[in-house]
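Each chain is listed here by its residues.
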Amino acid sequence: MLQALVVSLLPLSANAQKNVSIDWYGFVAAQSWINTHESAAGAEGFLYLYPTDRVENAADQHDERAIAQGSWFGTMARLGFVLKGPEIFGAASRAKAELEFSGHSAPGSVLYRHAFMALDWENSTLTLGQTWHPMNDLFPSTVGIAIGSPFNALNRSPQLRYEYFLGNDKNIKLMGAAIFQAANASFGPTGKSYNYARKSMVPMLYAGVDFTLGDFKVGGGLEYQHISPYVDIADNNKKYYLNGLCGMLQAQYAHEKLSVKAKTLIGQNMSHLGICSGYGLVDHLNPGEIRFAPLAASSSWAQVQWGGDLKFGLMGGYMSNWGAGKDLAVIYVAEGGTIDNMWRIAPNVQYNVGNMNLGVEYELTTVAYGTPQANGTVSDTHNVSNNRLLLSVMYAF
């Protein structure tokens, strides 16, 4: 895939001086980690999420998943380019594409991260393609590539986004976007899939505003989603729908060596954002009647970081499941709806020397698992924790 990307760009490179300029960027990283409990993770363990529920041994009730394991010198690479082109429709044109490669074994895993084009006018920007969801505008500075997930939204999706800037210093940004699900999709009757969103024929709609006031930046936004979890083929392909709302508030203060960041998400059916939330099939309905109800949840994180080339950071996160407010027959959510809440504390130290970043990060993540109730809440909980130590060496270019 990398070879195909490079070969396809050769004609552009040959004409770069005439029409466009291309800036390549990326990194190569080697990371080692140790977990004390089996955990949910992606990218062969690089993208860490949370410890899975305990499994009690029949003989002495010890937790069979409390097994220490590690990965030594796992490798990962990221390669991308930013293309700047000629003026189009009175706007400066640009494009960006980015791939990530991770894993020990061949072929490992290849992640398609960004591929978008943009037009920049004096006071506005139009973006078309796959890039960060607007709720990913602010994220913590972590050593791990999960950037705070599942407490922080983690979503890259195809979208049409328009941003308009106000004020003499363009310190107010208004944003509207139509977002389409792809790899970061909702849970549902057939598992995690973007088909629920595609069958609804309606993109997710987002509106937000950001204010920059000196060293402070504050903002928020609201997302509306309309999906179709079920189509009744026997009833002339009748579609059944589910609506959901998600709100976000964020703030950042950065001055000299000090940085303070925080974000809160409160909403319904946020599984496409990497949050442990979803929806369910409503119980106690008339025969043949189908209705879905979203699960509500909140997820927050905050981080303080201080330093220059040598930085010290401390992040904390908390997620809570609020349930659906009505009885459900079936629940579609991560871990079968057995998570009531989870929290994390994660200090890290990073040192930059030249193009190299050296980092060490400790994460204590605790999940309260329990028995799902009819309304989507969880009772009779017990805590499962994982201690994770991550060492990282990254060379960026």
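Here, every reference points to the structure presented above.
These numbers come from a predicted model, not from an experiment. (Residues numbered from 1 in each chain as written. Predicted model: local features only at pLDDT ≥ 70, side-chain atom pairs only at ≥ 80, totals over all residues. Heavy atoms only, no water.)

Caption draft 1: Up close: the pattern of salt bridges. A complete count under the given rule lists twelve salt bridges for this structure. R78 serves as the salt-bridge partner of E98, at 4.0 Å between the closest nitrogen and oxygen. With E98 in strand 5 (residues 91-102) and R78 in strand 4 (residues 69-88), this pair connects stretches of sequence that are 20 residues apart. What makes E98 buried here is its relative accessible area of 6%. For E163, the salt bridge identified is with R161, shortest N-O distance 3.7 Å. Accessibility assignment for this pair places E163 and R161 in one class, buried. (Salt bridge = Lys/Arg side-chain N within 4 Å of Asp/Glu carboxyl O. Helix = DSSP H or I, 4+ residues; strand = E, 2+ residues; numbered from the N terminus. Buried < 20%, exposed > 50% of the residue type's maximum accessible area, 1.4 Å probe, protein only.)

Caption draft 2: Up close: the sheet that holds strand 14 (residues 279-282). Pairing is antiparallel across the open sheet formed by three strands, whose spatial order is 15-14-18. Each having just a single partner strand, strand 15 (292-294) and strand 18 (328-332) make up the two edges of the open sheet. The sheet shows a mean angle of 30° between the axes of neighbouring strands, direction not considered. Taken together, the three bridges between strand 14 and strand 15 define a ladder with antiparallel strand orientation. Within the sheet, the bridge partner assigned to G280 lies in strand 15 and is A293. (Pairing = 2+ DSSP bridges. Axes fitted to C-alpha atoms, helices over the stretch in contact; angles between N-to-C directions.)

Caption draft 3: A look at the side chain of N321. On the secondary structure map, N321 appears in strand 17 (residues 310-323). Since its relative accessible area comes to 11%, N321 is described here as buried. A distance of 3.0 Å separates the side chain of N321 from the backbone nitrogen of G323, its partner in a polar contact. From its side chain, N321 meets the backbone oxygen of G376 in a polar contact 2.9 Å long. Not counting the four nearest positions on each side in its chain, N321 is found in contact with A296, A297, I339, D340, G376, T377 and V378. (Polar contact = N/O pair within 3.5 Å; in protein donor to acceptor, adjacent residues only side chain to side chain. Contact = heavy atoms within 4.5 Å.)

Taken by themselves, the reported measurements are silent on function.
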